[in-house]
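# Reading the structure
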Amino acid sequence: MRKTKIDSWTAEWEKSYSQEEGKLKEVFKDELVDIFHIGSTSVPAIGFAKPIIDILIVVRSIENVDLYNSEMLKLAYEPKGENGIAGRRYFTKGKDNRTHHVHIFQVGSEYIKVHLDFKEFLVKNPIEAKKYGELKINLAKQFPDEHHKYQEGKQQFVNNLAKRAKEWASRSKFTY
């Protein structure tokens, strides 16, 4: 059973991303368009996050990603297919003690901009990022053994942030 663990933000997460980025670039070199560190571990102002590095990979063809499953397994990534999001390929590393999530989308997917806008909004709005981090730590204390309740508890807040991030991005000069 997955437990909800929240840690204080650390620069080690950037190092972990960089190490993994190199490995993933090597795997997807023929399909790779771009790669990004996303999620709470990529936003220092958040203060607290699950110690899981989220990685966004943009590829030329989403169907071709399935051809790399054996190479991803060699790096200890478990292929999960779309895992609830059409047009995505999702991989987890670490079984019940997850360390990395890889989200792969084909160039042009709306989800790329959604993820990048969300991150950039939090980077540019550190007070909002801090509120999100505080919510995470409070929910983790409340539901340490009920990860699904932790997820449910933050969903409305995340949806609101995502909406605000989209509105912010439409007014700002930030583009991917």
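Scroll up for the structure.
What comes next is a walk through the structure.

Conventions and cut-offs
- Residues numbered from 1 in each chain as written.
- Predicted model: local features only at pLDDT ≥ 70, side-chain atom pairs only at ≥ 80, totals over all residues.
- Heavy atoms only, no water.
- Core = buried A, V, L, I, M, F, W, Y, C linked by side-chain atoms within 4.5 Å.
- Buried < 20%, exposed > 50% of the residue type's maximum accessible area, 1.4 Å probe, protein only.
- Helix = DSSP H or I, 4+ residues; strand = E, 2+ residues; numbered from the N terminus.
- Contact = heavy atoms within 4.5 Å.
- Phe/Tyr/Trp six-rings, centres within 6.5 Å; stacked < 30°, edge-to-face > 60°.

### Thoughts on the nonpolar core
Counting 20 residues, the largest nonpolar core has Leu-24, Phe-28, Ile-55, Ile-57, Met-72, Val-102 and Ile-104 as the members making the most contacts within it. Secondary structure elements with two or more residues in this core: helix 1 (12–27), strand 2 (32–38), strand 4 (53–59), helix 2 (62–65) and strand 7 (100–106). With residues up to four places along the chain from it excluded, the contact list for Phe-28 reads Ile-57, Val-65, Tyr-68, Met-72 and Ile-104.

### Comments concerning the environment of Ser-18
Positionally, Ser-18 belongs in helix 1. The class for Ser-18 is partly exposed, based on a relative accessible area of 42%. Once the C-alpha coordinates of Ser-18 and Ile-46 are considered, the two residues, 28 residues apart in sequence, prove to be 19 Å apart.

### Concerning the packing of aromatic side chains
Overall, the coordinates contain 6 aromatic pairs when judged by the stated rule. Both rings, one in Phe-118 and one in Tyr-132, keep their centres 6.2 Å apart while their planes meet at 90°; by these two values the pair is edge-to-face. Of this pair, Phe-118 sits in helix 4 (residues 110–124) while Tyr-132 sits in helix 5 (residues 126–142), and the two are 14 residues apart along the sequence. Like Phe-118, the residue Tyr-132 is buried in the burial classification. Measuring from ring centre to ring centre gives 5.8 Å for Tyr-132 and Phe-157, while their planes differ by 20°; the resulting arrangement is stacked. With Tyr-132 in helix 5 and Phe-157 in helix 6 (residues 147–171), this pair connects stretches of sequence that are 25 residues apart. For Tyr-132, a relative accessible area of 5% puts it in the buried group. Members of the aromatic cluster, connected to one another through ring pairs, are Phe-118, Tyr-132 and Phe-157.

Taken by themselves, the reported measurements are silent on function.
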